[in-house]
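# Working through the structure, step by step
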Amino acid sequence: MAEDDTYRKLFVAESIENHENIVNNLLILENGSDDTAIDEIFRAAHTLKGMSASMGFDEMETLCHSMEDVFHLIRSGERSVDKDLIDILLACTDRIEEMLDDIESGGDSSSLDSRELTGQLKQLISDGNNIPEEESDRYSQSATDSSKQPEKYSHHISLTVDENSQMKDIRALLALENLKEIGEIICCSPDAEKLESSDSDFSGTLSLYILTDSDEETIRNAAMVSEMSDVTVVPRSSEREGEDEVQLPTTADPDSENNRYQISITVSEESDMRDVRALIAYQNLADIGHIISSDPSFEDLDEGKFSGVLTLRIHSDAGPEALHAAASGIDIQNVVVEPFVREEEIEDTVEADLNTISGSDTNDSENSVENNDAEIIAEKTPKKSKKKEVQNIRVDIHRLDQMMNLVEDLVITGGRLRQIAHQYSNKEMDEALNMVSRSVSDLQNLMMNIRMIPLSQIFNRFPRVVRDVAVHDGKEVEFIMSGAETELDRSVIDGLGDPLLHLIRNAVNHGIERPEERIKAGKNPKGTVVLSAWREKGNVVIRLKDDGGGISPDVILSKAIEKGLVAAEQSTNLTKEEIINFLFQAGFSTAEEITDISGRGVGLDVVKGAIESLKGKINVESEEGKGSTFTLVLPPTMAIIEVMMVRINGKRCAIPIAAVIEVARIDLNALTRIGTSEAIPFRGEVLQIQHLGEMFGGGSNSDVVVVIQYQNTKCCIPVDIVEGQQEVVVKPLSNVIGSCKGVSGVTIPGDGDVVPILDINSMI
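Residues numbered from 1 in each chain as written. Predicted model: local features only at pLDDT ≥ 70, side-chain atom pairs only at ≥ 80, totals over all residues. Heavy atoms only, no water.

### Considerations on the overall build of the chain
Secondary structure summary: the chain contains 25 helices and 26 strands in total. Expressed as a percentage of its 764 residues, the buried residues of the chain come to 42%. Pairs at least 24 apart in sequence give 72% of the contacts found in the chain among residues at least 6 apart. Accessible surface computed for the chain: about 40,400 Å², of which carbon and sulfur atoms make up 46%. (Helix = DSSP H or I, 4+ residues; strand = E, 2+ residues; numbered from the N terminus. Buried < 20%, exposed > 50% of the residue type's maximum accessible area, 1.4 Å probe, protein only. Contact = heavy atoms within 4.5 Å. Areas by Shrake-Rupley, 256 points an atom, 1.4 Å probe, with all protein chains shown as cover.)

Next comes the structure, spelled out in structure tokens:
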């Protein structure tokens, strides 16, 4: 059962990558023809189909197979790409995503019926085959596969596709289509039907005869499509006289003494499907050569009898690089390709060379003969290649969390040991602890870097969101992303997806106007939404900008007065920024009607709360008629932060350094009262004083204050003592204690005390 779970996790992880690849490239394809996108879609769909079939997920395999048939029509040019087609294919990807969720939770996808989608795909296939007669005859002449030289032709053409091309058959078909436009293809090998079949085993070389009036240069230019490495054009007059046949590409002769190789393939011990990986490598090599022998045999591999190393002897004209590429793949740790020389050949050659040496200058020393002998044997014996090391491994995220907890415990224990060493003034212990502290610090930094994840993990799903909302609203939107490689700690990434998703939906739904409205306003009918990210001053900044209608302060203020958030007589004194901040009040909305996609404002209080829970902040800038910009500033990690340790009413607490402006002394005689709160003039401003009496059992009467700031708001916290600043590990509040207003977590310094960390955002 455990083994089945391992296979299932591996299947889901790889399938999610292929699913995202299909979705993203479908969106690229919708915006215009793109050969690379077509190739990527077909490859990913074919992989999904094969993997689901091998795992026994029949419902998913059936849907993927139907999708693959449609992709085949697209890449062959028999079906054009339009909105209806993309809608159906994206609906299929949604169903595949549901199936993957079901499989991940222990199901087999059979509970998710896809017959309706499969029927729609089959109808698309049927429509694609009902093409005009002249189009359906596009390759009719090339359907004839003949190794005989035809009587009527003008040129013989040999095409070789780059061995690194992932879609050799597609490149060959594109060349055939171009050549069809300048002449009549008499015959070709392999024929077009084989190239178009889903199980095409095209090796990369195509031979054909054409009847055309075009010159050699025109023919060569027509055939030289992307990833075509060589095109040879021979006019009929140049064919050798008396030659009745032209040899077309054939399977390599296994008895030939040339181009024989021994290949050793090592599959990673970490792989959960070692026998499957070896089988894939075996089949890839069989496609480009003749397998002479293998250890273990194909039958043993198929039965799962595999220890981790597969040794093959193969005859192939493809060359060492192509063989190495064919044998490489996921979980393949090492591939060694060597010329295969039989032992008797080595012995014969060495003996002949030794005879030559013995018949030469007799004054040569015996050592010289032995040295030459060794050199000859070394030359004739295949050399061992250096083994390639595994560069990447997959680690369960829970293991990383456990490691992080252990590192945090080391940091806390190290602090305690330093205090003990200082207490007893033991010099030798101090020196040893300094070395340990450096190692723990390096380990801590390394652990933090391992936990960093690129924003692309969540950014990649947003193009689909923008497309769906735009289609729903009848809008045209160009979505631009940059900085997806910027990294954040996984704890921050986990909480960032939903807030960003909400902001992006709002930007399209409420921000971007309809095409006719934009035209009236003198704008491009297609709106633009830009999502960007970068590092700045130790933080990560994420900015979402649109060129839509912007936010109207008058509309927001009117709604705020209507909801009783501000009195009408006080509203005249509010700044534009203060008015826009009403958007983040719970339940506030400027939408005139409720739809299945919220208007800007609905749920922004939740967005703000989520960002603040990540110790970040959100800012809004908007210009009516020109668009809005939402800026999120986030710490790269929440696990370890720098704080200022202080004591209030004899009790210790920690204040995040990022929120501290300065530590200062105040004149207690200058205190004034505003309503129920105390305030003090300070450097030209009037700052409110937070005594934190409820939290620490009575406020401090000290004249020492810590000035803190959140966004543009400042206040003062009176403290008894400032102990200094240090780096601490943040521990979340337990479920037993529950949430505590004004406290974001706790830390345990070296003396073992539990110290609360103030949540400056919620306090201000």
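There is more to say, and it comes next.
### A few points about the pattern of salt bridges
Under the defined criterion, the tally for this structure stands at 23 salt bridges. The salt bridge involving Arg115 is made with Asp113; its shortest N-O contact spans 3.0 Å. With its nearest N and O atoms 2.9 Å apart, the salt bridge here joins Arg464 to Asp468. One end of the pair, Arg464, and the other, Asp468, are both in helix H18 (residues 462–473), four residues apart, so they sit about a helical turn from each other. Through salt bridges with shared partners, one network takes in Glu30, Lys83, Asp87, Asp94, Arg464, Arg467 and Asp468. (Salt bridge = Lys/Arg side-chain N within 4 Å of Asp/Glu carboxyl O.)

### Looking at the confidence of the model for the chain
For the chain, per-residue confidence averages 77 on the pLDDT scale, and residues scoring 70 or more make up 80% of the total. Low pLDDT, under 50, characterises residues 598–602; the stretch is placed with 23 contacts to residues that sit more than four places away or in other chains. (pLDDT = per-residue confidence, 0-100.)

### Structural notes on the packing of helix H3 (residues 58–75) against helix H4 (residues 83–104)
Contact geometry for H3 and H4: axes closest at 11 Å, N-to-C directions at 155 degrees. Taken as axis vectors, H3 and H4 run roughly antiparallel relative to one another. Judged by the sense of rotation from one axis to the other, the crossing of H3 with H4 is left-handed. Residue-level inspection shows Glu59, Met60, Leu63, Cys64, Met67, Val70, Phe71 and Ile74 of H3 in contact with H4, the latter providing Leu85, Leu89, Cys92, Thr93, Arg95, Ile96, Met99, Leu100 and Ile103. (Axes fitted to C-alpha atoms, helices over the stretch in contact; angles between N-to-C directions. Parallel < 35°, antiparallel > 145°, perpendicular 65-115°, else oblique. Left-handed = near helix turned anticlockwise from the far one by under 90°.)

### So, the sheet that holds strand S3 (residues 205–211)
One open sheet holds the four strands; their spatial order is S2-S3-S1-S4, and the pairing between them is antiparallel. Two strands lie at the open edges of the sheet, namely strand S2 (184–189) and strand S4 (228–235), each paired on one side alone. Strand-to-strand twist across the sheet, computed as the mean angle between neighbouring axes with direction ignored, equals 20 degrees. (Pairing = 2+ DSSP bridges.)

### Describing the nonpolar core
Ranked by internal contacts, the top residues of the largest apolar core, which has 48 residues, are Leu455, Phe459, Leu496, Leu500, Leu531 and Ile542. Element by element, the count of residues in this core is highest for helix H19 (residues 490–511), at nine residues. Those residues in contact with Leu500 that sit more than four places away from it in its chain are Ile458, Phe459, Phe462, Leu531, Ile542 and Leu632. Listed in part, the 38 residues of the second largest apolar core include Phe42, Phe71, Leu100 and Leu117. (Core = buried A, V, L, I, M, F, W, Y, C linked by side-chain atoms within 4.5 Å.)

### A few points about helix H9 (residues 216–223)
Taken together, the buried positions of H9 are Ile219, Ala222 and Ala223. The buried residues of H9 occupy an angular sector of 95 degrees when projected down its axis, which confines them to one face. Structural note: H9 exposes Glu217 and Asn221 on the side pointing more than 90 degrees away from its buried face. Where the residues of H9 are buried, they touch strand S1 (155–161), helix H7 (168–182) and S4. (Arc of directions from axis to C-beta.)

### Some points on the packing of helix H2 (residues 35–55) against H3
With their axes 9 Å apart at the nearest point, H2 and H3 run at an angle of 155 degrees to one another. On the basis of their axis angle, the class for H2 and H3 is roughly antiparallel. In the packing of H2 onto H3, the handedness of the crossing is left-handed. Contacts from Ile38, Ile41, Phe42, Ala45, His46, Leu48, Lys49, Ser52 and Ala53 of H2 reach H3 at Met60, Glu61, Cys64, His65, Glu68, Phe71, His72, Ile74 and Arg75. Broken down by class, the residue content of the contact of H2 with H3 amounts to 10 nonpolar, four polar and four charged. (Nonpolar A, V, L, I, M, F, W, Y, C, P; charged D, E, K, R; others polar.)

### Here's the deal with a nonpolar patch on the surface
A contiguous nonpolar patch, built from Leu410, Leu443, Leu446 and Ile450 and spanning about 330 Å² of accessible area, is present on the exposed surface. Per-element accounting of the nonpolar patch gives the leading share, three residues, to helix H16 (residues 427–450). For Ile450, a relative accessible area of 44% puts it in the partly exposed group. (Patch = residues over 30% accessible without salt bridge, like charges linked within 9 Å, V, L, I, M, F, W, Y side chains within 5 Å.)

### Looking at the pairing of strand S8 (residues 332–339)
Burial runs high along S8: six of the eight residues are buried. Summarising the sheet, strand S5 (residues 260–267) and S8 pair through seven bridges and their orientation is antiparallel. Within S8, the position partnered with Thr266 by the bridge is Asn334.

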